[in-house]
Amino acid sequence: MAEPGLSVSLHQSGPIPLDVAFSCAPGEVLGLVGPSGAGKTTVLRAIAGLCRTRAGRVCVDGAVWFDSETKVFLPPHNRRVGLVFQEHALFPHLSAADNVAGALTHHPRAERRSLAMALLSRVHLDGLESRKPAELSGGQRQRVAIARALARDPQVLLLDEPFSAVDRRTRVHLQAEIVALRRDLAIPMLLVTHDVDEVARLADRLCILDQGRVCLIGRPDEVLAEPAIRALLLGDEVP
Amino acid sequence: MDWEAFKLSLLLAACTAGLLMPMGLILARWLAFHRFPGRGVLEALVMAPLVLPPTVLGFYLLSAMGGNSSLGKLWIAIFGHPLAFSFEGLVVASLIFNLPFAVQPMQRAFEALPPDVREAAWVSGLSPWRTFWRIEAPLAWPGLLSALALTFTHTMGEFGVVLMVGGSIPGETRTLALAIYDRVQAFDTDGAQLMSAILLVFSVGAILIANGLTARVGRSHG
């Protein structure tokens, strides 16, 4: 019986040192938290197949996406992964609908347009389908990026600082969007952020990273009660 | 007006652009997206025709194509005539002296693409091939267009290398630039003036069209 969810084990000494191992169950939101340079984004990139660590293993629902021992490496376009980039990374020459339809290539061509419209509607972008990214606000762009990530019918959803490029009001709306996604999707979700309060609200568990290593994994209240973790993330003094 | 030379120049420019654009595109993309040992040397070699005197480049090309060279001997064995002082020889020379004009704008255009946009295409399920056609090429289009315009117009006007490798044989290797030189040597300033004006209008027109299309692409991208 294949183990459901995501299991990750990544190890390398450089150029970005990594020594992490964790798992994330379907429907669970795991927050990856740590100071700048802790390796959070590198972990997401390795899961998506955008970089390859020297050693490690990435399994999703029992399928091996990467295994350094057996030399398995599934290229990113063959991994059903939804990745929301920090700076949206939308295709600037395509409309919002075409940005989303571009990730629907696993569906018949005739269905892509209507599926893209449905996904844009799901993130509350009705009526903005024909706008190009430059004609959208930061929050609207991030919603298109979320719709595009969902278009892939992902087995894993990776969110890399999804609220960092938007204002406070939009941030609250987008957070509600993530809560809704968590309710609707039965897939593992990894959320990278440097905002401790935000991730404590949204995540089921936290994985604290520092200098490429996992310091602690646990429920947000448990993890954030640790003085050493508070010192690392919030600058509190260790008693 | 030497229409034969004009036709030959157009044919040479079309052959050069047609062959060099796909080859230059592969090289430009490779240089833009990959880091490998010797990349700097390769870039310098691609750029060399820009700074080398055309006679020096022409001399080396002539030596490489001559009847005593390996390439020259092989060419004669296959086609029965020498490569030097032939139209085919001009095309080979033209491919080399136009390398920087084709590669440089395309390389810069690919380098200007945000890396996360390509990565977003991959994680959206687009293979590298589809990513090229649907994302990279439309975004790098102004650079590709500039490369095409520069290659075409530069071939139309090249003189030194064409003279060294082609030898100005009427109907075979005498291009418009060489015909202008011949007219000046023969004190036919009216003929030289007309052909020069045609070359000038043609070159400026090609650049204007390329710039106009580039601006249109830029506007459509928002």
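Residues numbered from 1 in each chain as written. Chains lettered and ligands numbered in written order. Predicted model: local features only at pLDDT ≥ 70, side-chain atom pairs only at ≥ 80, totals over all residues. Heavy atoms only, no water.

Q: I'm lost on the overall build of chain B in this one. Help?
A: Within chain B, the regular secondary structure consists of 11 helices and zero strands. Its helices and strands in sequence order give chain B the pattern α-α-α-α-α-α-α-α-α-α-α, from N to C terminus. Judged by the C-alpha coordinates and their principal axes, chain B covers about 65 × 40 × 30 Å. Put simply, 73% of the contacts in chain B that link residues at least 6 apart link residues at least 24 apart. Accessible area for chain B stands at about 10,700 Å²; split by element, carbon and sulfur atoms hold 71% of it. (Helix = DSSP H or I, 4+ residues; strand = E, 2+ residues; numbered from the N terminus. Contact = heavy atoms within 4.5 Å. Areas by Shrake-Rupley, 256 points an atom, 1.4 Å probe, with all protein chains shown as cover.)

Q: Would you take a moment to explain the overall build of chain A for this structure?
A: In terms of regular secondary structure, chain A is built from eight helices and 11 strands. Its C-alpha radius of gyration of 18 Å places chain A within 12% of the 18 Å reference for a compact globule of 239 residues. Principal-axis analysis of the C-alpha atoms places the extent of chain A at approximately 55 × 45 × 35 Å. Counting over 239 residues, chain A shows a buried share of 52%. Contacts spanning at least 24 positions in sequence make up 66% of the contacts within chain A whose residues lie at least 6 apart. Within the structure as shown, chain A displays about 10,500 Å² of accessible surface, and the carbon and sulfur contribution to it stands at 50%. The averaged location of the 28 negative side-chain charges in chain A is 6 Å from the averaged location of its 28 positive side-chain charges. (Rg over C-alpha atoms; globule rule 2.2 N^0.38 Å. Buried < 20%, exposed > 50% of the residue type's maximum accessible area, 1.4 Å probe, protein only. Lys, Arg positive; Asp, Glu negative; His and termini not counted. Charge placed at Lys NZ, Arg CZ, Asp CG, Glu CD.)

Q: Would you mind showing me how to read the packing of aromatic side chains here?
A: Think of a pair of aromatic rings as described by two things: how far the centres are apart, and how the planes are tilted against each other in angle. Applying the stated criterion across every chain, the model contains 13 aromatic pairs over all chains. By the ring-pair criterion, three or more aromatic residues cluster together here, those being Phe33, Phe110, Trp129, Phe132 and Trp133 of chain B. Here Arg79 of chain A stacks its cationic end above the ring of Phe73 of chain A, 4.9 Å away from the centre of that ring. Across from the ring centre of Phe91 of chain A, 4.6 Å away, lies the NZ or CZ of Arg148 of chain A, which sits over that ring. (Phe/Tyr/Trp six-rings, centres within 6.5 Å; stacked < 30°, edge-to-face > 60°. Lys NZ or Arg CZ within 6 Å of the ring centre and 35° of its normal.)

Q: Help me out: how do you make sense of the environment of Glu87 of chain A in this one?
A: Within the secondary structure layout, Glu87 of chain A lies in the loop between strand 7 (81-84) and helix 2 (96-101). Linking Glu87 of chain A and Ala145 of chain A, residues 58 residues apart in sequence, is a C-alpha distance of 9.4 Å. With residues up to four places along the chain from it excluded, the contact list for Glu87 of chain A reads Ala165 of chain A together with Asp116 of chain B.

Q: Teacher, can you tell me more about unusual backbone geometry here?
A: Residue and element names in this part refer to chain A. In the Ramachandran plot, Ala89 falls in the positive-phi region, its phi being about 55° despite a non-glycine side chain. When you line up the elements, Ala89 lands in the loop between strand 7 and helix 2. Phi angles above zero are rare outside glycine, and Gln211 is one such case at about 50°. By the element assignment, Gln211 lies in the loop between strand 10 (205-210) and strand 11 (213-218). For Gln211, a relative accessible area of 63% gives the class exposed.

Q: Whenever I open this one, the interface of chain B and chain A confuses me. Can you help?
A: Taken together, the contacts link 20 residues of chain B with 23 residues of chain A. Across the interface of chain B and chain A, roughly 1,800 Å² is buried in total on both sides, 63% from carbon and sulfur atoms. Considering only the side of chain B, the residues that lose the most area to chain A are Glu119, Val123 and Ser124 of chain B, jointly responsible for 31% of the buried surface there. Our count for the contact surface shared by chain B and chain A stands at one salt bridge. Two residues, Glu119 of chain B and Arg45 of chain A, come together in a salt bridge whose shortest N-O distance is 2.7 Å. The interface formed by chain B and chain A includes four residue pairs in polar contact (both at pLDDT 80 or more). Among the elements that make up the side of chain B that touches chain A, the one with the highest residue count is helix 7 (residues 115-123) of chain B (seven residues). Residues of the side of chain B that touches chain A, tallied by class, amount to 10 nonpolar, six polar and four charged. (Buried area = accessible area lost by both parts, 1.4 Å probe. Salt bridge = Lys/Arg side-chain N within 4 Å of Asp/Glu carboxyl O. Polar contact = N/O pair within 3.5 Å; in protein donor to acceptor, adjacent residues only side chain to side chain. Nonpolar A, V, L, I, M, F, W, Y, C, P; charged D, E, K, R; others polar.)

Q: How do you make sense of the environment of Ala84 of chain B when you look at a structure like this?
A: Residues and elements named next belong to chain B. Mapping Ala84 onto the fold places it in the loop between helix 4 (70-79) and helix 5 (87-97). As for Ala84 and Leu62, which are separated by 22 residues in sequence, their C-alpha atoms are 6.3 Å apart. Excluding residues that lie within four positions of it along the chain, Ala84 makes contacts with Leu62, Met65 and Val165.

Q: Explain the nonpolar core here, please?
A: What tends to happen in soluble globular proteins is that the nonpolar side chains get buried as a cluster. Counting residues in hydrophobic clusters, the biggest one holds 75 residues, and the most contacted among them are Leu6, Phe22 and Leu190 of chain A together with Phe110 of chain B. Ranked by residues supplied to this core, first place goes to helix 1 (residues 3-33) of chain B with eight residues. Discounting chain neighbours no more than four positions away, the residues touching Leu190 of chain A are Leu6, Phe22, Cys24, Leu30, Leu32, Leu44, Ile47, Leu157, Leu158 and Leu159 of chain A. Listed in part, the 45 residues of the second largest apolar core include Val33, Ala103, Leu120 and Leu157 of chain A. (Core = buried A, V, L, I, M, F, W, Y, C linked by side-chain atoms within 4.5 Å.)

Any link to function would need more than the numbers given here.
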